[in-house]
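# Structural description and commentary
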Amino acid sequence: MKNDNLIPSLLFLTLLTFIPIWVDAQFKIKVINADDHNPIENVIIEDASQQRLGVTDKYGYFETRVKVAMPIQVRIDNYFNEKVDATGQEVKMVYLKPQKAKEEIVLLYETRPREFMTSSVSFLKGSVTQNTAATNRLNTLAGRLTGLSVMQTDGLPGNEDSNVKIRGQHTIGNRPGITVLVDGRQTDITMLDPYDIESITVLKDAAATAIYGMNGGNGILMVNTKRGKEGRLRIEYNGQASLQEPLSLPKFLNAYQYAILYNEAMLNDDPNSKPLYTLHDIEGYRSGKSPYAYPDVDWVDLFMKDYTFQNRHNINVSGGSQAAKYFVSFGYVNNSGIFNTDDNINTYRTNSKVSALNIHGNLELNINKNFMILADIKAKKDMRTAPGSFSNTYDQNILASLYSTPSNAFQPITYNGQLGGWYNGSNPYGMLNYSGYSNIETNFISSTVDLRYDLGDFIKGLSVLGYFGVNSTTDYITDRSKTFASYILNPSATIWYKRGEDGAINSSGRYSAIARKFDHMIGLNYKETFGGNDLDILVMADRQQMKEHLFSSIGETFQGLKGKVSYKYNNKYVLDLSGSYQGSNYYPKQNRYGFFPAIGAGWVVSNESFMEGIEAVNHLKVRGSYGKTGNHIGTAFATYYGYLDNFSTGSGAYIGNSLNRSTGMYQSRVGNDQLTWEKATKYNIGLDFSLLKDRLSGAFDYFNEKNRDILVKNAISVMYGAEVWMPHGKMTNSGYEVELGWADKINNLSYSVSANYSFARNRVDEKNEEIREYPWMYETGHPYGTYFGYVFDRYFTEDDDFTALPDQSLLGEVQPGDLKYKDLNDDNIIDQSDRTMIAKSTIPETFYGISFGVAYKGFDFSTLLQGVRNYTVYNSGATYWAFHNQTGNVMEHHLDRWTPGSGQQAEYPRLSLTSTNNTQTSSFWVQNTNFLRLKNVELGYSLPHSIVQKIGVGRTRIFINGNNLYVWSKTKNRDPEGDISRYPLMRTLTGGVNISF
């Protein structure tokens, strides 16, 4: 009998363990991170029946009185999981140890755990670079992501232009570059505030980009912005104050040195000539006693500041519930410009200043359990100023004047209080202060709406989705320019010559850009799991339209079908099929659409049963991909309806007795029905791993790409009589990428170190190059951007018998101290047949980064080293050659010129005003510009919770950082990265704060 009652009793007790006990409870919880003892906000509090109660506040507290099932379940994003008995009046302290979250990677039209990806991508959290002061966010990515090369060429505030490539060069010519998407739509990344960026993804192989059709061939960079998250109202403030100084400026010689070297150059050209500067003149420059008669002006030092200021402020608000989530952000940035202008002269500013205001907001609404709407809007207004009438090269024009005006040319202001001048150029002081000003106003707005409706009530796993969006950009230039008079002194006659007139301000305005982009999509998504099978199918139809209203009312349209099928079995084997069928109105009707398929496969070896006993391996995956992508040619290489003949009106024949020409027609364009997009076939194999309890992680990729149908200019005989682009170009690009990282913790000290290395080498296989006399003259077979010219052999010396050497007179008269070139074909004449490859490409083949980070009790420190190899530049023009165009300046490196007795030890040829031989394109002027740059250093301190709680704020972090701090390079007389003729790159020191409320 007792045994008969025992079994039901045990069953009843067992059942009770699964039945929650409901109590009317008053309880308080404080959730603390077990690692750093900081409070954790937005922890989801549930009872034992998984009924949601709420979330913790910014201090980690949650308090309520409600009838709940005990015990209380505490979790956050499925990474914390703890049961606590929190009834009663006392605050229960819950110490939770975070589990490492699986990294979710944002891809085209999906988000996927890195563990199951088959494509080759690089990924970066936006928080890594958010405190870097650059206005162009692309420049903050250098050295941080495999496959991505960023070479900044210009430091102009608001522009900060750079050459950005993904896996090197893919095509012949400066074709459209990489595709940049912000939240999946094509737009300008410079329109973003750094504190709005959630993450950045670089899509590199066909499996990642084929679904984007004709615009995926050069790789895709995706910027993903922040959205609202479920939880309490959260307010964040981020502020920066930055000090910037130019990295490298040309160093010019003073008036005394200029006069001596100028006389030397004259005598080198003609020993019988009379020196321009007498000994009295030279002594006048040396002594400096008569600054107006013998001026000595350091133009660069006088009119370029040693430093300038930039400040940035951002405030954002976010939060929400299961029904609605929101995010709103306001950002402002201001840079005062590097030119040294006189603010007392005008009531307006003439510096290269920029100020910009960003607004970003989104709202995600769950209308019901099936219907979701996400509305997003981004807007920016920036205002830039420039001296004089605006042009895209206004900064280069001013710098050219500063760099090419000799120090002894004139004083900026004469002793009469007038503007000084000379016949060979303008007065930089007048250009900066007396030529008026211009305002460049950019207005940008983007609005998108994403929709998703779950059809699971009808077909489990099926949903319909779509989006529609439009963005608009307008650039309006207001010119308030004027002319100014300058006065030139004739020292011998003490007479002032007036040049130009002081004019009134001339007002005008114009749009320099009006652009609209429309992006629409509708699709079906089926996602279901059955047994060990996971299936995800997406089919879409989309249409993109881009209209440049200033240049064409027709617009550029891309449209078609695209989709993907992703299959995963038992978390071990992954297969991805993707593709797009897309067309564009750029191409003839019979060849308007193209098919871009791709396949990717992955094997998660670490999930196999035979790996269970190998504890050192946490994750191991082998993956590979193959596919075809396209590269749209762009307006620079083919116009709208370029496949049709075009006729224009013009002057016709003389008819009748009046001798007036009639209006006629002529064929202004020959139709080209061979226009097409570039077609790239891409292979990729890769390996991902994580070892030793996830402390050591890494990835390896090898890729090979073959690009075909590249449009080549005049690929048919020039006798045809018209410029024709034909798809005859071919190119190969291949390389590899390695990424390694180590992260660990020792008591309260956590640290990490990582390195990435990328190599990409291209080769021009075919470009319909004209027939050359010798094989070394062909550009085909070399990387694109390779320099061709004469090979420097040595200096001619005073001991040479010029009659016994190859005749070099076709390149100009030669003398001792001039450059001697190699006679490659041994015909005893130096001419075009002796030109060959003289240096590596202008496009870096190798780029890498090394980063280190450490955190200890509220302190954190990080640093980044960025390097580039296999990269060259060519030195020429006013910023390198002496007395350029016979009126230019001289620099420090000209002191090491060749003089009699120098032999082969000089670093510069003999000085000359007229030599054409020495300025021929040759290997002498090529510099290897490999460099390693201390790109970024940041030190931060987060105030203890006990302090921030007293002052009523959440997490508060104070930081200082530096960007472009130092460079190791053998490059002389310039920074190895920037274009010396453009606005200089900047070294930046920043202090700031990140506060959450």
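Residues numbered from 1 in each chain as written. Predicted model: local features only at pLDDT ≥ 70, side-chain atom pairs only at ≥ 80, totals over all residues. Heavy atoms only, no water.

The subject of this paragraph is the overall build of the protein chain. A tally of helices and strands in the protein chain yields eight helices and 48 strands. The globule rule puts the C-alpha radius of gyration for 997 residues at 30 Å, and the 34 Å found for the protein chain is close to it. With respect to the three principal axes, the spread of C-alpha positions in the protein chain is 135 × 70 × 65 Å. Per-residue burial over the protein chain gives 52% buried out of 997 residues. For the protein chain, the share of sequence-separated contacts (at least 6 apart) that also reach a separation of at least 24 residues comes to 69%. Looking at charge distribution, the protein chain has the averaged site of its 97 positive side-chain charges lying 6 Å from that of its 103 negative ones. (Helix = DSSP H or I, 4+ residues; strand = E, 2+ residues; numbered from the N terminus. Rg over C-alpha atoms; globule rule 2.2 N^0.38 Å. Buried < 20%, exposed > 50% of the residue type's maximum accessible area, 1.4 Å probe, protein only. Contact = heavy atoms within 4.5 Å. Lys, Arg positive; Asp, Glu negative; His and termini not counted. Charge placed at Lys NZ, Arg CZ, Asp CG, Glu CD.)

Before going further, it helps to examine unusual backbone geometry. Notably, lysine 857 is not glycine yet its phi reads approximately 45°, a positive angle. Looking at where lysine 857 falls in the secondary structure, it is placed in the loop between strand 42 (846-856) and strand 43 (859-869). With phi around 55°, asparagine 870 is a residue other than glycine that occupies positive phi space. Mapping asparagine 870 onto the fold places it in the loop between strand 43 and strand 44 (872-874).

This paragraph deals with the sheet that holds strand 15 (residues 197-203). With respect to topology, five strands assemble into an open sheet ordered 10-15-16-13-14, the strand pairing being mixed. Each edge of the open sheet is held by one strand with a lone partner, namely strand 10 (121-125) and strand 14 (185-186). Of the pairings in the sheet, the one linking strand 10 to strand 15 comprises five bridges and is antiparallel in character. Its bridge partner being in strand 15, leucine 124 is matched across the sheet by isoleucine 200. (Pairing = 2+ DSSP bridges.)

A surface patch of like charges, here negative, comprises Asp296, Asp298, Asp301 and Asp306. Relative to the elements of secondary structure, aspartate 296 occurs in the loop between helix 4 (279-287) and helix 5 (299-303). Here aspartate 296 falls in the partly exposed class, since its relative accessible area comes to 40%. (Patch = residues over 30% accessible without salt bridge, like charges linked within 9 Å, V, L, I, M, F, W, Y side chains within 5 Å. Areas by Shrake-Rupley, 256 points an atom, 1.4 Å probe, with all protein chains shown as cover. Salt bridge = Lys/Arg side-chain N within 4 Å of Asp/Glu carboxyl O.)

Attention now goes to the packing of aromatic side chains. All told, the structure shown has 42 aromatic pairs when counted by the stated rule. Through a chain of ring-to-ring contacts, the aromatic side chains of Phe792, Tyr795, Tyr880, Trp881, Tyr908, Phe924 and Trp925 assemble into a single cluster. The ring of tyrosine 790 has arginine 835 sitting right over it, with the charged end atom 5.7 Å from the ring centre. Of note, arginine 933 hangs over the ring of phenylalanine 931, and the distance from its end group to the ring centre comes to 5.2 Å. (Phe/Tyr/Trp six-rings, centres within 6.5 Å; stacked < 30°, edge-to-face > 60°. Lys NZ or Arg CZ within 6 Å of the ring centre and 35° of its normal.)

Further remarks concern the confidence of the model for the protein chain. Interpretation of the predicted coordinates at a detailed level should be avoided for regions scoring low in pLDDT. Put simply, the protein chain has an average pLDDT of 89, and 91% of its residues get 70 or more. Low pLDDT, under 50, characterises residues 10-19; the predicted model gives this stretch zero contacts beyond four residues in sequence or across chains. (pLDDT = per-residue confidence, 0-100.)

Before going further, it helps to spend a moment on the environment of valine 94. With respect to the element layout, valine 94 can be found in strand 7 (residues 91-96). Taking the relative accessible area as the measure of exposure, valine 94 reaches 2% and is therefore buried. Taking the C-alpha atoms as reference points, valine 94 and glutamine 169, separated by 75 residues in sequence, lie 54 Å from one another.

Let's shift gears to the pattern of salt bridges. If charged atoms from side chains of opposite charge come close, those side chains can pair. Evaluation of the coordinates by the stated rule reveals 49 salt bridges. Between lysine 204 and glutamate 737 there is a salt bridge, with its nearest N and O atoms 2.9 Å apart. Note that lysine 204 is positioned in the loop between strand 15 and helix 2 (206-209) and glutamate 737 in strand 36 (residues 725-746), a separation of 533 residues in sequence. Grouping residues by exposure puts lysine 204 and glutamate 737 together as buried. Between arginine 349 and aspartate 343 there is a salt bridge, with its nearest N and O atoms 3.9 Å apart. By relative accessible area, which is 48% here, arginine 349 ends up partly exposed. Overlapping salt bridges, with partners in common, bring together Glu110, Arg112, Lys527, Asp536, Lys564 and Asp576 in one network.

What follows is about the nonpolar core. Tyr262, Tyr277, Phe883, Val890, Leu911 and Trp925 are the most contacted members of the largest nonpolar core, which has 36 residues in total. Among the elements of the structure, helix 3 (255-269), helix 4, strand 40 (819-821) and strand 41 (836-841) are those that each provide at least two residues to this core. The biggest single contributor to this core is helix 3, with seven residues. (Core = buried A, V, L, I, M, F, W, Y, C linked by side-chain atoms within 4.5 Å.)

Attention now moves to the pairing of strand 18 (residues 308-320). For strand 17 (residues 231-246) and strand 18, the ladder comprises 12 bridges, and the chain directions are antiparallel. Residue pairing across strands places glutamine 240 opposite arginine 312, the latter belonging to strand 18. With 11 bridges connecting them, strand 18 and strand 19 (residues 324-335) associate as antiparallel partners. Along strand 19, the bridge assignment pairs serine 318 with phenylalanine 327.

A separate point is a nonpolar patch on the surface. On the surface, a cluster of nonpolar side chains totalling about 920 Å² of accessible area is made up of Tyr569, Tyr573, Trp603, Phe610, Val622, Ile685, Leu687, Phe700, Tyr702 and Tyr736. Every element with two or more residues in the nonpolar patch is listed here: strand 34 (678-691) and strand 35 (696-713). Along the chain, isoleucine 685 turns up in strand 34.

This part takes up the packing of helix 3 against helix 4. Where helix 3 contacts helix 4, the two axes come as close as 7 Å, and the packing angle between them is 155°. When the axis of helix 3 is compared with that of helix 4, the two are roughly antiparallel. Between helix 3 and helix 4, the contacting residues are Ala255, Tyr256, Ala259, Ile260 and Asn263 on the first element and Ile282, Tyr285 and Arg286 on the second. When the residues that make up the contact of helix 3 with helix 4 are grouped by side-chain class, the tally is six nonpolar, one polar and one charged. (Axes fitted to C-alpha atoms, helices over the stretch in contact; angles between N-to-C directions. Parallel < 35°, antiparallel > 145°, perpendicular 65-115°, else oblique. Nonpolar A, V, L, I, M, F, W, Y, C, P; charged D, E, K, R; others polar.)

For helix 3, spanning 15 residues, the distance from its first C-alpha to its last is 21 Å, which sits close to the expected 21 Å at 1.5 Å a residue. Listing the buried residues of helix 3 in full gives Ala255, Tyr258, Ala259, Leu261, Tyr262, Asn263, Glu264, Ala265 and Met266. Against helix 4 lie the buried residues of helix 3. N-capping of helix 3 is provided by asparagine 254, with a side-chain oxygen placed 3.2 Å from the backbone N of tyrosine 256. (Expected span 1.5 Å × (residues − 1). Polar contact = N/O pair within 3.5 Å; in protein donor to acceptor, adjacent residues only side chain to side chain.)

With that settled, consider the environment of lysine 125. Its place among the elements puts lysine 125 in strand 10. Through-space distance from the C-alpha of lysine 125 to that of tyrosine 467 is 25 Å; in sequence the pair is 342 residues apart. Beyond its immediate stretch of four places on either side in the chain, lysine 125 contacts Glu198 and Ser199.

All right, on to the side chain of glutamine 866 then. By the element assignment, glutamine 866 lies in strand 43. When its relative accessible area of 3% is taken as the criterion, glutamine 866 is described as buried. Setting aside anything within four residues of it in sequence, one finds glutamine 866 in contact with Ala142, Gly143, Val150, Tyr848, Gly849, Phe931, Leu932, Arg933 and Lys935.

For the rest of this paragraph, the subject is the side chain of arginine 623. Looking at the secondary structure, you find arginine 623 in strand 31 (residues 617-631). Residue classification places arginine 623 among the buried positions, given a relative accessible area of 6%. Within the local environment of arginine 623, its side chain forms a polar contact with the side chain of aspartate 701, the two groups lying 2.7 Å apart.

Taken as a whole, helix 6 (residues 394-404) has its buried residues at Tyr394, Asp395, Ile398, Leu399, Ser401, Leu402 and Tyr403. Elements that come into contact with the buried residues of helix 6 comprise helix 5, strand 21 (371-387) and helix 7 (428-433).

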